[in-house]
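Chain residues, written in single-letter form:
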Amino acid sequence: MKIGIIGAGNIGATIAKKLAGAGHTVKLAGSKGPEDIREKAEEIGTIPVAAEDAVKDVEAIILSIPFAQIPNIAGLFAHLPADVVVIDTGNYYPFRDGNIAVIDEGKPESVWSSEQLGRPVIKAFNALLAETLTNGGTPEGTVNRIAIPVAGDDARGKAIASKLVNETGFDALDAGDLANSWRQQPGTPAYCTELALPELRDALSKANQASAPKNRDVLIKSFMEETSPLSHGQIVARNREVTAPK
């Protein structure tokens, strides 16, 4: 496939590297232009481009930028062909993004993203830590392979996103429509807890929309108060502990 990725941070660059390694043609755009990421892009087998070029002549676009920046790139999607799949990897964190009232009032994050872009999106790759994405992937069929949820309203788009998820080393779980994608947002039992398919399916079913933002904020506060860095395992364990259904 021809894939454009907007966002060259830990998540975007790692997805780009894995998909290029799987044989896809990947264009990668960073926030400061192609020259700023040229060395990184070429090292991981991708093509450094400007954001406006990342959306041209591609079959799928992956957004991996700070959540509040999505409206700033909406113009790039105005003339995008309808059959191009757009995958939103973003998560809303008020301390970083500022408060977005409609999301604070319960609108699912990727419903808002879809509205800003003026087109459907698939929510995927959002519910795992950068370290998990980098080192947690395993071959298809591995026992207890980590799974991640994929939500959206278009069956074809979800199928394509799920294929890409599999190629990065994870099982994809159909998490339903975009209206229910809140079940994989920060603060839910499915978010950054490294679960295999059966456990992830159960976690999605037990998510509580009212408690998720509270859990998210409790976790952020606790991580910020740490005086020394937590290990990856400790972060996953704390996510599981705080978000466990009560």
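- The name recorded for the protein in an unreviewed UniProt entry is Pyrroline-5-carboxylate reductase catalytic N-terminal domain-containing protein, from Rhizobium multihospitium.

**Focus on the UniProt feature "domain: Pyrroline-5-carboxylate reductase catalytic N-terminal" (unreviewed entry) in the protein**
Now for step 1: The residues that UniProt annotates with the feature "domain: Pyrroline-5-carboxylate reductase catalytic N-terminal" (unreviewed entry) are residues 2–92.
Now for step 2: Secondary structure within residues 2–92 divides into 29% helix and 22% strand; the distance between the first and last C-alpha atoms comes to 28 Å.

**Some words on the pattern of salt bridges**
Now for step 1: Evaluation of the coordinates by the stated rule reveals 14 salt bridges.
Now for step 2: The partner of E225 in a salt bridge is K221, with the nearest N and O atoms 2.6 Å apart. Note that E225 and K221 are positioned in helix α10 (residues 212–225) at a spacing of four residues, about one turn of the helix. This pair shows no difference in class: E225 is exposed, exactly as K221 is.
Now for step 3: The partner of R238 in a salt bridge is E226, and the shortest N-O contact between them spans 2.9 Å. One end of the pair, R238, is in helix α11 (residues 232–243); the other, E226, is in the loop between α10 and α11, with 12 residues separating them in the sequence.
Now for step 4: Classification of R238 by relative accessible area gives partly exposed; the value is 21%.
Now for step 5: The partly exposed category is assigned to E226, whose relative accessible area is 31%.

**What about the pairing of strand β7 (residues 147–150)?**
Now for step 1: Neither face of β7 is left uncovered, since the one carrying A147 and P149 and the one carrying I148 and V150 both have all their residues buried.
Now for step 2: Note: β7 against strand β8 (residues 171–174), four bridges, orientation parallel. What sits directly across from I148, in β8, is A172.

**Quick notes on helix α6 (residues 109–117)**
Now for step 1: If you check which residues of α6 are buried, you get E109, S110, W112, S113, S114 and L117.
Now for step 2: If you follow the buried residues of α6, they end up packed against β4 (60–63), β5 (85–88), α5 (101–104) and β6 (122–123).

**Looking at the sheet that holds β6**
Now for step 1: Read across the open sheet, the six strands follow the order β3-β2-β1-β4-β5-β6; overall the sheet is parallel. Strand pairing shows two members of the sheet lacking a second neighbour, β3 (47–48) and β6, which therefore form its edges.
Now for step 2: Sitting on the sheet, helix α1 (residues 10–21) touches β1 (2–6), β2 (25–29) and β4, and the angle it makes with β2 is about 165 degrees.
Now for step 3: This element, α6, spans β4, β5 and β6 of the sheet and lies at about 135 degrees to β5.

**Structural notes on the nonpolar core**
Now for step 1: Ranked by size, the top nonpolar core spans 30 residues in total, and within it I3, I5, I15, L28, I87 and F125 carry the most contacts.
Now for step 2: Elements with a minimum of two residues in this core: β1, α1, β2, α2 (34–43), β4, β5, β7 and α8 (155–167).
Now for step 3: At five residues, α1 tops the list of elements feeding residues into this core.
Now for step 4: Ignoring anything within four residues of it in the chain, the contact list for I87 reads I61, I62, L63, I122, A124, F125, A161 and L164.
Now for step 5: In terms of nonpolar packing, the next biggest core, distinct from the first, is built from 25 residues, A29, V55, I70 and F77 among them.

**Some words on the side chain of T243**
Now for step 1: Assignment of secondary structure puts T243 in helix α11.
Now for step 2: The exposure class assigned to T243 is buried, which follows from its relative accessible area of 4%.
Now for step 3: Every residue in contact with T243, bar those within four places of it in the chain, is listed here: G187, T188, P189, T193, N215 and L219.

What counts as what
Residues numbered from 1 in each chain as written. Predicted model: local features only at pLDDT ≥ 70, side-chain atom pairs only at ≥ 80, totals over all residues. Heavy atoms only, no water. UniProt positions renumbered as here; feature names shortened; annotations may be inferred. Helix = DSSP H or I, 4+ residues; strand = E, 2+ residues; numbered from the N terminus. Salt bridge = Lys/Arg side-chain N within 4 Å of Asp/Glu carboxyl O. Buried < 20%, exposed > 50% of the residue type's maximum accessible area, 1.4 Å probe, protein only. Pairing = 2+ DSSP bridges. Contact = heavy atoms within 4.5 Å. Axes fitted to C-alpha atoms, helices over the stretch in contact; angles between N-to-C directions. Core = buried A, V, L, I, M, F, W, Y, C linked by side-chain atoms within 4.5 Å.

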